[in-house]
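# Tertiary structure, described
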Amino acid sequence: MIVLSGAIGAGKSSLAKLLSEHLGTEAFYEQVDNNPVLPLFYKDPKKYAFLLQIYFLNKRFESIKKAMVQDNNVLDRSIYEDSLFFHMNADMGRATPQEVKVYDELLDNMMQELPYAAAKKTPDLLVHLDISYDTMIHRIEKRGRSYEQPEQDPTLPEYYHQLLDRYDGWYDDYDYSPKMKLDGDKYDFVENPEDRQKVLDLIDEQLRQRGTLD
Ligand SMILES: Nc1ncnc2c1ncn2[C@@H]1O[C@H](COP(=O)(O)OP(=O)(O)OP(=O)(O)O)[C@@H](O)[C@H]1O
Ligand SMILES: Nc1nc(=O)c2ncn([C@H]3C[C@H](O)[C@@H](CO)O3)c2[nH]1
């Protein structure tokens, strides 16, 4: 399984589609447009942070179990980033210490089940899409989900800055699997065919080194 990581608007869903089509495998997308809790969270984060986290954890676990059955299936975001989001929100006072404790213990418990519930416990490769704040805002505006727009909520720019800061440390510390970082500002793999080919070549090279691509 290949896992894509990156902040909001980094290009994970777009790359998941491209990469899975290129490899002839299946992509598993994050539950966003059909997620009933996400708009509630953006409206009232303090009330809904914990519920949203349980929602994502449940859906993520389900996706991992399905994705792990075949080499090179592509997962749009890792279970580890869910925890990054929740701990950041908790540090902002949007979850209680008790909620954090319940979440951490539940996550730990579920991770212990993974070798039984799925073929293996960790991804074969993590592909991280690194983006700047300006790119993030540009993409958020381009995609146009209303509840993510900074003009809807003046606290969102600070939330996005904090998220990008956390992601930097998170990627450096990540050691659950082999990893690679792509410059998401530089490569326009959505509109530019040359950039698309370059990104696919870079990922193929890593997969060949790991022995999951001939
Ligand atoms: N490398 C890229 N170059 C140009 N545009 C991009 C690139 N990646 C994504 N986009 C555009 O940015 C927007 C967000 O992309 P996408 O939905 O793939 O991001 P994401 O990482 O899955 O976001 P989220 O975590 O919020 O679900 C889309 O409009 C997409 O077309
Ligand atoms: N609070 C919170 N916790 C998560 O685990 C999480 N995962 C994703 N998201 C939000 C970011 C995008 O708006 C949108 C799509 O990624 O969903 C999250 N928000």
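Per chain, residue numbering runs from 1 following the sequence as it is written. Chain A is the first chain written and ligand 1 is the first ligand written, with later ones labelled in order. Totals for whole chains, interfaces and linings use all residues, but because this is a predicted model, local features are given only for residues with pLDDT of at least 70 and pairs of side-chain atoms are given and counted only at 80 or more. Excluded from the side-chain calculation are hydrogens and water; included are all heavy atoms of the structure.

### Here's the deal with unusual backbone geometry
Unusually for a residue other than glycine, Asn72 sits at a positive phi of about 70°. In DSSP terms, a helix is any run of H or I states spanning at least four residues, a strand is any run of E spanning at least two, and both are numbered starting from the N terminus. Tracing the chain through its elements places Asn72 in the loop between α3 (45-67) and β3 (74-76). Positioned with a positive phi, Arg77 is a non-glycine residue whose angle comes to about 90°. With respect to the secondary-structure elements, Arg77 resides in the loop between β3 and α4 (79-91).

### Concerning the site of ligand 2
Taken together, 16 residues lie around ligand 2, and Glu30, Tyr42, Gln53, Arg77 and Glu148 are the ones closest in. As used in this structure description, the phrase polar contact means that two N or O atoms lie within 3.5 Å; if the pair is within protein, one of them must be able to donate a hydrogen and the other to accept it, and residues adjacent in sequence are counted only when both atoms belong to side chains. Contact distances for ligand 2 include 2.5 Å between an oxygen atom and a side-chain N or O atom of Tyr42. In the model, an oxygen atom of ligand 2 is placed 2.5 Å from a nitrogen or oxygen of the Glu148 side chain. The Shrake-Rupley method, run with a 1.4 Å probe, gives the accessible areas here. Residue values count only the displayed protein chains as cover. Relative to its free-state accessible area of 410 Å², ligand 2 is covered by the protein chains to the extent of 98%. Where the shell around ligand 2 is concerned, the elements lending two or more residues are α2 (38-43), α3 and α4. Side-chain classes follow a simple rule in which Ala, Val, Leu, Ile, Met, Phe, Trp, Tyr, Cys and Pro form the nonpolar group, Asp, Glu, Lys and Arg form the charged group, and the remainder, Gly included, forms the polar group. Class assignment of the residues belonging to the shell around ligand 2 gives a composition of 9 nonpolar, 2 polar and 5 charged. Near, as used in this document, describes a residue that has one of its heavy atoms within 4 Å of the molecule or strand being considered.

### Points about the environment of Gly6
Note that Gly6 resides in the loop between β1 (2-5) and α1 (12-23). Its relative accessible area of 0% is what places Gly6 among the buried residues. For the pair formed by Gly6 and Tyr116, sequence separation is 110 residues and the distance between their alpha carbons is 28 Å. A contact between two residues is defined here by any heavy atoms of the two lying within 4.5 Å. Other than its neighbours up to four places away in sequence, Gly6 contacts Lys12, Arg77, Glu81, His128, Leu129 and Tyr167. The rule is simple: take the accessible area with a 1.4 Å probe, protein chains only, and divide by the maximum for that residue type; under 20% is buried, over 50% is exposed, in between is partly exposed.

### Describing the sheet that holds β3
Pairing is parallel across the open sheet formed by 5 strands, whose spatial order is β2-β3-β1-β4-β5. The open sheet has two edge strands, β2 (27-28) and β5 (179-183), and neither has a second partner. Across the face of the sheet, helix α8 (residues 193-210) comes into contact with β1, β4 (125-130) and β5 while running at roughly 170° to β5. Should DSSP find at least two bridges between two strands, the strands are taken to pair. To obtain an axis, a line is fitted to C-alpha atoms, over the contacting stretch when the element is a helix, and the angle between two such axes runs from 0 to 180 degrees between their N-to-C directions.

### A look at the UniProt feature "active site" (unreviewed entry) in the chain
UniProt tags Asp76 as "active site" (unreviewed entry). Counting through the fold element by element, Asp76 comes out in strand β3. Exposure remark for Asp76: the relative accessible area of 2% places this residue in the buried category. Setting aside residues up to four positions removed in sequence, Asp76 forms contacts with Leu4, Lys12, Ser13, Ala16, Phe28, Tyr29, Glu30 and Arg60. UniProt positions are given in the numbering used here, feature names are shortened, and annotations may be inferred rather than shown by experiment.

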